[in-house]
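Analysis of the macromolecular model
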Amino acid sequence: MVLTSIEPRPRSTGEVFSLALRLYLRRLPHAVAVLAVVLLPSLLLNGSGLAGAAFLGLMVPTPNSPAPDATAMTTLFSALAPLLGLIVGVFWPWAEGALAFSALAQLSGERLGLRAAYGRTRGRWPALWLANLLAQIGIALPLALAGLIAAGVALPFLAIPVYAVFGANIFEQVPPAAFIVLLLVGGLLFIILSALAITLAIQWSLRAPAITYENLSGTAGLSRSVELVRGHRWRMFGRYLLFALLEFALTILPTIALSALLAVILFPQTFASPGTTNFADFQTALVTIGTSSVAISTVTTLLVAPLRVIFTAVNYADLRIRKGESLAAQPTPAETPANADALTESLSAHAAPQARDADWRMLDPSRMTPAQRVSLLFRRLRAEGESAELLTEMGFALYEVGDWGNALNAFDRAHALKPDHPRAAYGLMMLYYERRELDLARQMMQTYLRCETDEEALRAVRNHPRFRDLL
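So, a few notes on the structure that sits alongside this text. (Residues numbered from 1 in each chain as written. Predicted model: local features only at pLDDT ≥ 70, side-chain atom pairs only at ≥ 80, totals over all residues. Heavy atoms only, no water.)

**Details of the overall build of the protein**
Across its full length, the protein holds 20 helices and zero strands. A buried classification covers 42% of the 471 residues belonging to the protein. Accessible area for the protein stands at about 24700 Å²; split by element, carbon and sulfur atoms hold 66% of it. (Helix = DSSP H or I, 4+ residues; strand = E, 2+ residues; numbered from the N terminus. Buried < 20%, exposed > 50% of the residue type's maximum accessible area, 1.4 Å probe, protein only. Areas by Shrake-Rupley, 256 points an atom, 1.4 Å probe, with all protein chains shown as cover.)

**Details of the packing of helix 16 (residues 388-400) against helix 17 (residues 404-417)**
Angle between the axes and distance between the axes are the two parameters that describe a pair of packed helices. As a packed pair, helix 16 and helix 17 sit with axes 8 Å apart at the nearest point and diverge in direction by 160°. Here helix 16 lies roughly antiparallel to helix 17, going by the angle between them. Relative to helix 17, the crossing made by helix 16 is left-handed. Seen from helix 16, the contacting residues are Ala388, Leu391, Thr392, Met394, Gly395, Phe396, Leu398 and Tyr399; seen from helix 17, they are Trp404, Asn406, Ala407, Ala410, Phe411, Arg413, Ala414 and Leu417. (Axes fitted to C-alpha atoms, helices over the stretch in contact; angles between N-to-C directions. Parallel < 35°, antiparallel > 145°, perpendicular 65-115°, else oblique. Left-handed = near helix turned anticlockwise from the far one by under 90°. Contact = heavy atoms within 4.5 Å.)

**Side note on the packing of aromatic side chains**
One pass over the structure, following the stated rule, counts 12 aromatic pairs. Of the aromatic side chains, those joined through ring pairs into one cluster are Phe17, Tyr240, Phe243 and Phe311. (Phe/Tyr/Trp six-rings, centres within 6.5 Å; stacked < 30°, edge-to-face > 60°.)

**Some thoughts on the pattern of salt bridges**
In the structure shown here, the tally under the stated rule is 11 salt bridges. The partner of Arg320 in a salt bridge is Glu214, with the nearest N and O atoms 3.5 Å apart. Of this pair, Arg320 sits in helix 12 (residues 279-322) while Glu214 is found in helix 8 (residues 207-214), placing the two residues 106 residues apart along the sequence. Neither residue differs from the other here; Arg320 and Glu214 are each classed as buried. For the salt bridge of Asp318 with Arg239, the shortest nitrogen-to-oxygen distance reads 3.1 Å. Placement of Asp318 in helix 12 and of Arg239 in helix 10 (residues 233-266) is noted, with a sequence separation of 79 residues between them. Of the residues examined, Asp318 reaches a relative accessible area of 3% and is grouped as buried. (Salt bridge = Lys/Arg side-chain N within 4 Å of Asp/Glu carboxyl O.)

**Brief notes about helix 17**
Relative to the 20 Å expected for 14 residues at 1.5 Å per residue, helix 17 spans 20 Å between its end C-alpha atoms, a close match to the ideal helical length. Burial analysis of helix 17 places 11 of its 14 residues in the buried class, which makes it a mostly covered element. Every buried residue belonging to helix 17 is among Trp404, Gly405, Asn406, Ala407, Leu408, Asn409, Ala410, Phe411, Arg413, Ala414 and His415, and all of these are buried. (Expected span 1.5 Å × (residues − 1).)

**Side note on a nonpolar patch on the surface**
Residues Trp129, Leu130, Leu133, Leu134, Ile137 and Leu141 make up a contiguous nonpolar surface patch of roughly 500 Å² in combined accessible area. In this structure, Leu130 sits in helix 6 (residues 125-165). (Patch = residues over 30% accessible without salt bridge, like charges linked within 9 Å, V, L, I, M, F, W, Y side chains within 5 Å.)

**Looking at helix 8**
Burial analysis of helix 8 places eight of its eight residues in the buried class, the great majority of the element. Within helix 8 the residues assigned to the buried category are Arg207, Ala208, Pro209, Ala210, Ile211, Thr212, Tyr213 and Glu214. Directly beyond the C-terminal end of helix 8, a positive phi value near 55° is found at Asn215.

**Some points on the packing of helix 18 (residues 422-434) against helix 19 (residues 438-451)**
Remark: helix 18 packs on helix 19, axes separated minimally by 8 Å, with the N-to-C direction vectors making an angle of 160°. The orientation of helix 18 relative to helix 19 falls into the category roughly antiparallel. Judged by the twist between their axes, the crossing of helix 18 over helix 19 is left-handed. Along its contact with helix 18, which presents Pro422, Ala425, Tyr426, Leu428, Met429, Tyr432 and Tyr433, the element helix 19 presents Leu438, Leu440, Ala441, Met444, Met445, Thr447, Tyr448 and Cys451.

**Here we look at the environment of Ala150**
Its place among the elements puts Ala150 in helix 6. For the pair Ala150 and Phe190, spaced 40 residues apart in sequence, the C-alpha separation works out to 6.7 Å.

**Topic: the environment of Leu262**
Along the chain, Leu262 turns up in helix 10. The class of Leu262 is partly exposed, set by a relative accessible area of 23%. It is 9.6 Å that separates the C-alpha atoms of Leu262 and Ser293, two residues lying 31 residues apart in sequence.

**Things to note about the nonpolar core**
Grouped together as the largest cluster of nonpolar side chains are 46 residues, with contacts concentrated most on Leu206 and Ile310. Of all elements in the fold, only helix 1 (13-26), helix 2 (28-58), helix 4 (92-107), helix 5 (114-120), helix 8, helix 9 (218-229), helix 10 and helix 12 reach the threshold of two or more residues within this core. Every residue in contact with Leu206, bar those within four places of it in the chain, is listed here: Ser225, Leu228, Val229, Met236, Tyr240, Thr312, Asn315, Tyr316 and Leu319. Residues Ala388, Leu408, Ala410 and Leu470 belong to the second largest nonpolar core, which totals 35 residues. (Core = buried A, V, L, I, M, F, W, Y, C linked by side-chain atoms within 4.5 Å.)

**Observations regarding the side chain of Thr212**
Topologically, Thr212 is positioned in helix 8. Among the polar contacts made by the side chain of Thr212, one reaches the main-chain carbonyl oxygen of Ala208 at a distance of 2.9 Å. At a separation of 3.4 Å, a polar atom in the side chain of Thr212 contacts the main-chain carbonyl oxygen of Pro209. Residues within four places of Thr212 in sequence aside, it is in contact with Gly97, Phe101, Thr121, Arg124 and Leu128. (Polar contact = N/O pair within 3.5 Å; in protein donor to acceptor, adjacent residues only side chain to side chain.)

Just geometry here; none of it tells us what the structure is for.
See the structure below:
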């Protein structure tokens, strides 16, 4: 089943939220499953480690204490579980990139399954991991410095009441003006560093969809994200601020509310009068509520995290459209060759090793990637000679890999060989529309409508939302 592609146009903040929510709800099981492959084991391991640590921290030697071996095993598990969760979390950037790619494919009308989403992004995992590592380091450094400055500013002010307890007056040694200067300078540096961290987070926020959808390296993905966000920082800041508030309301608040509710329902006396409660009951209450909180947090995170990734993918698509780009897989098409020889030389670069090493006449085009179809069609052109049909198929294959220049040349030559070929006219109409050359697109639309004999195909084109302004 192929979803209807969504009209490519700039969208307001409300429309971006609405579109992200529609894409999320339309394939909720798929979205959750893509992230759960990595996120669920990581969350469970980290949560189990915290629960074990909490149990050991509350436990005191009593006649009823667990056996030493059981305590040792619990200690070992509490130490190893977060480490295992961290190892599993290394694959999180891949999961994020796979879901972002799937959401962008859904925007273009393609429906990917779980295996296809991971399979199509498998080669980008190292780039995703590197970009995520660099981004996390870059964002964490100014935040860490801001935290140190905040602690340094707060320390002298906290010393005032401490000195006062012992009857000392700190202002005798340090003039009040110094505290004011410290507060102003420290506050200014804190604001600057926090603003820098937020700016970097926004500028690098589109790295996952950029890397997977445009097949970029890690550093190129970060640069591409900066390029797309440039000129739209305040718009993106507002969108992510609203989403952060929504995420807080959907994840943190339910955990706090349900934990408090469990405390009131299951352990009313324990928390109502803690001074009269024995330690074993208090320990049981805390471990039970802590485990429940971890479970609730895991469920809400599994449900909200896919929405965040899809929201980022929709923002990536929106900024590309705002900058006049198509959602084709690669943003920069190759230059159109000036003659047929240049096209032939250019197409030879697309020959994939799989097609060179096998008997290409026996290959099934329907089981190939677009790049492999380009290679197969190139060999057929050399063996069979040019025809409108082969050149048209080549044009569509080149369009799928993002090579718009050669695709346009192939459609042009197919149209010249057979002016009444409807698919060649459709390919030219589609490319001219993508390049916003609407007059030429309208001409090709009329040619297509005149040459096409399939009533169903004609009806589909007339009713397609992308081409309504060409009629």
